[in-house]
Amino acid sequence: MSTDSISTWHPVAASAELRPGANIVAGFAEGQELALWRSASGAAQAWENRCPHRSVRFTLGLVVQDRLACAYHGWQYDAGSGQCASIPAHPGMPAPRNVCAKLFHAAEAAGMLWVSLAAAAPPSPPPGNAVPAGWSFCRILCVRAGAARVRDALTARGFRAEAPLALCGALGEVDAAALVLDAQPRLAFIHLWTPAAPGSDAMKKLHVAARALRGEIEEQQQPEA
Ligand code: FES
């Protein structure tokens, strides 16, 4: 798989964060604000975080089976299409067919939810080997710096592109793979994976080292042009 064919996929959340028919997770990719959720039937969704009725954030709403319900007037939208399906205040009125939430391409691979903002579906799915098989999700690190600066900092610490889209190396002498998300111009997220067992001393060490890394990057942050 070429880098070009997968470069439009953004790692926006760990798959386990999205519970079927339950929670809504706020996400970002290249400045686009997202509402991430999973229908009761299990399909992961990545929607523009804006209700098409009066622009209230979907992340304030709730999941109702296979629909997302807006917090303001309660309009409900179908998973998969974003089509308005119900207006609870007018149960006898057909839902307007021209009201539709904006959806982005979403796919799951390697324990992550990936989103593409492209109009057309990417030619290839996200890579199943984006992180080494058998590794555990450690944490998301939110860093107040651009993604390029974060990648530079990881590279300076010996991280290398040993897996598609992931930088692999060690933090606090614990092996780690970093999926860097370009969230906003000066905000990046690092999704950290590791072979260390959850709850182990090595995992705790990695948490400490990750926080230290964030502190160093933000401390060195210079005004970006
Ligand atoms: S703003 Fe969402 S239903 Fe009215």
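Residues numbered from 1 in each chain as written. Predicted model: local features only at pLDDT ≥ 70, side-chain atom pairs only at ≥ 80, totals over all residues.

### Topic: the domain arrangement of the protein
For step 1, the next point in the chain: In terms of domains, the protein is made up of domain 1 (3–116) and domain 2 (136–220).
For step 2, the next point in the chain: Each of domain 1 and domain 2 has a C-alpha centre, and the two are 27 Å apart.
For step 3, the next point in the chain: Tallying the contact residues gives twelve residues for domain 1 and ten residues for domain 2.
For step 4, the next point in the chain: Mapped onto the side of domain 1 that touches domain 2, the elements with two or more residues apiece are β1 (10–14) and β2 (24–29). (Domains from an automatic or database assignment. Contact = placed C-beta atoms within 7 Å. Helix = DSSP H or I, 4+ residues; strand = E, 2+ residues; numbered from the N terminus.)

### Structural notes on unusual backbone geometry
For step 1, the next point in the chain: If you check the backbone angles, Gln65 has positive phi at about 55 degrees while not being a glycine.
For step 2, the next point in the chain: Examined against the element boundaries, Gln65 turns out to sit in the loop between β5 (62–64) and β6 (67–69).
For step 3, the next point in the chain: The exposed category is assigned to Gln65, around which 12 C-beta atoms lie within 10 Å.
For step 4, the next point in the chain: Phi at Glu173 is positive, roughly 65 degrees, even though this residue is not glycine.
For step 5, the next point in the chain: By secondary structure assignment, the location of Glu173 is in the loop between β13 (166–171) and β14 (174–184).
For step 6, the next point in the chain: Residue Glu173 is classed as exposed on the basis of its 9 C-beta neighbours within 10 Å. (Buried ≥ 20, exposed ≤ 12 C-beta atoms within 10 Å, placed from the backbone.)

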